[in-house]
Amino acid sequence: MSDDVQQVQPLDSGIAEEWIRKTDEPDLRAVSASRLRAGPLWSVSAWVMEFIRTDPLESELRRRIAEELSGVSGVTGVEEEDREVWTVTGTPTGRALVEAVARVVDDLAPQTRKAL
């Protein structure tokens, strides 16, 4: 299984920096982070959240993702923006944000595989 976290060229001019975790299971384990040009804002996506819509798994994923993001060095705030997107403020690195969320989706991958 590939778990390559890499910086990619943003396709949107409003994005200053973009990181993605490439994996053989993108719907289950892919994560991305984009730093916006305006302000110290990052947008972090856990792709699996598009498909997980039942508790207790959904709540556990949301709680743990927010906790992991909050624990990244340089993070000053975390808010859930959308079903699978969190807004992060501060000065963390994109790689650190992607790796933090990847730990959660990997840890819960057996449960999410069963739920899909």
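Residues numbered from 1 in each chain as written. Predicted model: local features only at pLDDT ≥ 70, side-chain atom pairs only at ≥ 80, totals over all residues. Heavy atoms only, no water.

Caption draft 1: Geometry of the overall build of the protein chain. For the protein chain, the count of helices and strands is 4 helices and 6 strands. Each helix (α) and strand (β) of the protein chain, taken in turn from the N terminus, gives the series β-β-α-β-β-α-β-β-α-α. Its C-alpha atoms give the protein chain a radius of gyration of 13 Å, near enough to 13 Å, the size a compact globule of 116 residues would have. Each principal axis of the C-alpha atoms in the protein chain carries an extent, and together these give about 40 × 25 × 20 Å. (Helix = DSSP H or I, 4+ residues; strand = E, 2+ residues; numbered from the N terminus. Rg over C-alpha atoms; globule rule 2.2 N^0.38 Å.)

Caption draft 2: Summary view of the sheet that holds strand 6 (residues 85-90). Read from one edge to the other, the open sheet built from 6 strands follows the order 1-2-3-4-6-5, with strand pairing classed as antiparallel. Every interior strand has two partners, whereas the edge strands, strand 1 (3-8) and strand 5 (75-82), have only one. Pairwise comparison of adjacent strand axes, ignoring direction, gives a mean angle of 20 degrees for this sheet. Of the strand pairs in this sheet, strand 1 and strand 2 (residues 15-23) are connected by 6 bridges, and their pairing is antiparallel. What sits directly across from D4, in strand 2, is K22. Contacts from helix 2 (residues 57-70) reach strand 4 (41-46), strand 5 and strand 6 within the one sheet, and its direction differs from that of strand 5 by about 150 degrees. Those strands touched by helix 3 (residues 94-107) are strand 1, strand 2, strand 3 (31-36), strand 4, strand 5 and strand 6, and its axis lies near 30 degrees from that of strand 2. (Pairing = 2+ DSSP bridges. Axes fitted to C-alpha atoms, helices over the stretch in contact; angles between N-to-C directions. Contact = heavy atoms within 4.5 Å.)

Caption draft 3: Local environment of the pattern of salt bridges. Summed over all chains, the structure comprises 13 salt bridges. For E58, the salt bridge goes to R62, with nearest N and O atoms at 2.9 Å. In this pair, E58 and R62 are both assigned in helix 2, 4 residues apart and thus about one turn of the helix distant. You'll find E58 and R62 in the same group, each marked buried. (Salt bridge = Lys/Arg side-chain N within 4 Å of Asp/Glu carboxyl O. Buried < 20%, exposed > 50% of the residue type's maximum accessible area, 1.4 Å probe, protein only.)

Caption draft 4: Focus on the environment of L11. Structurally, L11 is set in the loop between strand 1 and strand 2. Between the C-alpha atom of L11 and that of V104, which follows or precedes it by 93 residues, the distance is 27 Å.

Caption draft 5: Region of the structure containing the environment of E68. Counting through the fold element by element, E68 comes out in helix 2. For the pair formed by E68 and E99, sequence separation is 31 residues and the distance between their alpha carbons is 9.4 Å. For E68, the contacting residues outside a window of four places in its chain are A100, R103 and V104.

Caption draft 6: Unusual backbone geometry, seen in detail. Omega for the peptide link from D55 to P56 comes to 15 degrees, which places this bond in the cis form. Within the secondary structure, P56 sits in the loop between strand 4 and helix 2.

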